[in-house]
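Structural overview
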Amino acid sequence: MNITEDYIGSHREIALLVSTRAWPLLAARMAGIARGPEGEQGLRARLKARLGDNDA
């Protein structure tokens, strides 16, 4: 399972994300974070925190 499926889960929401014009920029930023000092765990933490912000 990939990071997007881990935290977004819904195939419909993933499809909406990828269908936006900015998805290449988003994907590049996610890849940059995953390759950086934070690594994949840092990316997961950021995604989880941001998705949690939307619950409020």
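Our subject is the structure listed above.
Residues numbered from 1 in each chain as written. Predicted model: local features only at pLDDT ≥ 70, side-chain atom pairs only at ≥ 80, totals over all residues. Heavy atoms only, no water.

**Points about the pattern of salt bridges**
To keep it simple, the criterion reads: Definition used for salt bridges: Asp or Glu carboxyl oxygen within 4 Å of a side-chain nitrogen of Lys or Arg. The rule is simple: take the accessible area with a 1.4 Å probe, protein chains only, and divide by the maximum for that residue type; under 20% is buried, over 50% is exposed, in between is partly exposed. Working definition: helices are DSSP H or I runs of at least four residues, strands are E runs of at least two. Numbering for both runs from the N terminus.
Taken as a whole and assessed by the stated rule, the structure comprises two salt bridges. Across the pair Arg 46 and Glu 38 runs a salt bridge whose closest N-O atoms are separated by 2.7 Å. The exposure class of Arg 46 is partly exposed, given its relative accessible area of 40%. Classification of Glu 38 as partly exposed rests on a relative accessible area of 39%. For Glu 40, the salt bridge identified is with Arg 44, shortest N-O distance 2.7 Å. Taken together, the positions of Glu 40 and Arg 44, both in helix 4 (residues 39-53) and four residues apart, correspond to about one turn of that helix.

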